Amino acid sequence: MQLTEAIDRLPRQRLANLPTPLHELPRLSAELGGPRLLIKRDDLTGLATGGNKTRKLEFLLADAIEQGADTLITAGGPQSNHCRQTAAAAAKAGLDCRLVLGGDPAPRREGNLLLDDLLGAHIHWTPKPERNATMDRVADELRGEGRQPYVIPIGGSNAVGSVGYILAMIELHEQLAAAGETVDTIVFPTSSGGTQAGLAMGAKLTGFTGRVLAISVDVEPGDRAFLEEVSSVANGAADLLGRSERVAPDELAINCDYLGGGYGVVGDHEREAIRLLASTEGVLTGPVYSGRGVGALVDLIHKGQFSQGQTVLYWHTGDESALHAYVDHLTDP
Ligand SMILES: *Cc1c(COP(=O)(O)O)cnc(C)c1O
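Basis of the calculations
- Residues numbered from 1 in each chain as written.
- Predicted model: local features only at pLDDT ≥ 70, side-chain atom pairs only at ≥ 80, totals over all residues.
- Heavy atoms only, no water.
- Phe/Tyr/Trp six-rings, centres within 6.5 Å; stacked < 30°, edge-to-face > 60°.
- Helix = DSSP H or I, 4+ residues; strand = E, 2+ residues; numbered from the N terminus.
- Buried < 20%, exposed > 50% of the residue type's maximum accessible area, 1.4 Å probe, protein only.
- Near = heavy atom within 4 Å.
- Polar contact = N/O pair within 3.5 Å; in protein donor to acceptor, adjacent residues only side chain to side chain.
- Areas by Shrake-Rupley, 256 points an atom, 1.4 Å probe, with all protein chains shown as cover.
- 1 Å grid on protein atoms, 1.4 Å probe; cavity = no way out; pocket = protein on both sides within 12 Å on 5 of 7 lines; lining within 4 Å.
- Sits in = over half its atoms within 2 Å of the grid points.
- Nonpolar A, V, L, I, M, F, W, Y, C, P; charged D, E, K, R; others polar.
- Pairing = 2+ DSSP bridges.
- Axes fitted to C-alpha atoms, helices over the stretch in contact; angles between N-to-C directions.
- Points joined across faces, edges and corners; volume = space filled by probe spheres on them.

(A) Up close: the packing of aromatic side chains. Within the structure shown, the criterion is met by 2 aromatic pairs. Residues Tyr 165 and Trp 315 carry aromatic rings whose centres are separated by 5.9 Å and whose planes lie at 65° to one another, so their mutual orientation is edge-to-face. Here the residue Tyr 165 occupies a position in helix H7 (residues 159-179), and Trp 315 occupies one in strand S10 (residues 311-316), the gap between them amounting to 150 residues. You can call Tyr 165 buried: its relative accessible area is 0%. Overall, the relative accessible area of 0% leaves Trp 315 in the buried class. With a centroid separation of 5.9 Å and 75° between ring planes, the pair formed by Tyr 263 and Tyr 289 is classed as edge-to-face. With Tyr 263 in the loop between strand S9 (253-255) and helix H10 (268-281) and Tyr 289 in the loop between H10 and helix H11 (290-302), the pair connects residues that are 26 residues apart, well separated along the chain. Exposure remark for Tyr 263: the relative accessible area of 29% places this residue in the partly exposed category. The class of Tyr 289 is buried, set by a relative accessible area of 16%.

(B) Looking closely at the site of the ligand. In the neighbourhood of the ligand, 16 residues make up the surrounding shell, with Lys 53, Lys 56, Ser 192, Thr 195 and Thr 317 lying closest. Asn 81 places a polar side-chain atom, nitrogen or oxygen, 3.2 Å from an oxygen atom of the ligand. Surface burial for the ligand is 98%, taken as the share of its 380 Å² of free accessible area covered by protein chains. Assessed atom by atom at 2 Å from the grid points, the ligand resides in the largest pocket. Breaking the shell around the ligand down by element, the ones donating at least two residues are helix H3 (53-66), strand S7 (185-190) and helix H8 (194-206). Considered class by class, the residues forming the shell around the ligand number 2 nonpolar, 11 polar and 3 charged.

(C) Molecular detail of the sheet that holds S7. On the basis of which strands lie adjacent, the open sheet formed by 6 strands has the order S1-S2-S10-S7-S8-S9 and mixed pairing. Each edge of the open sheet is held by one strand with a lone partner, namely strand S1 (22-24) and S9. Within the sheet, the average angular offset between the axes of one strand and its neighbour, ignoring direction, is 30°. As paired strands, strand S2 (residues 36-41) and S10 are joined by 6 bridges and run parallel to one another. Within the sheet, the bridge partner assigned to Arg 41 lies in S10 and is His 316.

(D) Highlighting the layout of surface pockets. When its volume is computed, the largest pocket comes out at roughly 370 Å³. What lines the largest pocket is a set of 27 residues, and nearest its centre among them are Lys 53, Ser 191, Ser 192, Tyr 263 and Tyr 289. Those elements that place two or more of their residues in the lining of the largest pocket are H3, strand S3 (71-76), helix H4 (81-93), S7 and H8. Looking at the lining of the largest pocket residue by residue, the classes come out as 5 nonpolar, 16 polar and 6 charged.

Written as structure tokens, this is what we have:
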């Protein structure tokens, strides 16, 4: 396949255990009386527990190394899975890592924050709206000391990172072909949009005929700028592969009905979904992203959005490492 050859020509550092498993969720499907359910286990990519950022980091880290970087800088929330995986990638490559976390310094190092610490990352706290400016400031300071920082955008969501999710779509295409399966809808949580960009472009490049439905974690309804950004990242990723296919903003499917109390606020929706998937299938999901994504899937099934004969795939983006930071929100008082 020409496409895989184009990807093989890009610099890449292997970080993930691939392909990630694809399997059925028969007990959850029976419990819901819904469509056939499959799950793609990107929680098992394996980098300091795993998650979707590992696929992006394979290309981002390689780019950093090509540019002679000695330090990775990125940003996120205090329980960022992206920051945790970036810290692990830096450690594995022998680079320093600076994490810019939005918010007040957390009173306790728990969940992903504990892991960032164990992985040797240096943490800079900053008000949430100042994360990008703080990353630039830290980069300037390091350059002033003669260091070579490489700034990875929030979520690793640029064209280079998104190639990881084009590759993921090729991987799924091959798994489905080998199993003789077809999927009607792929459901996954979206936030900074790089996963969505890669999946949408990957769907186009592999001839995937189903729907690629993003569940918004924190993107507000009608946020046109977000869809334009995802489109431009997707198209930039295609450019890197020498492909002329385009994903227009209007082709991107996003459901913004499950924002609840806002980013990182765990409500009944997330709590129930996490318990349901864990207790029917033994699969752990995290509070911020997957709880919201699986919760949306469950609710859409309850509302009859998918017929019994259909197959729906939940793409597990991996965040159970944050569970221990949410003990008080996940257990009964
Ligand atoms: C970052 C993240 C997402 C969202 O992916 P984006 O590419 O930022 O949209 C979804 N789930 C988990 C667990 C994440 O850490």
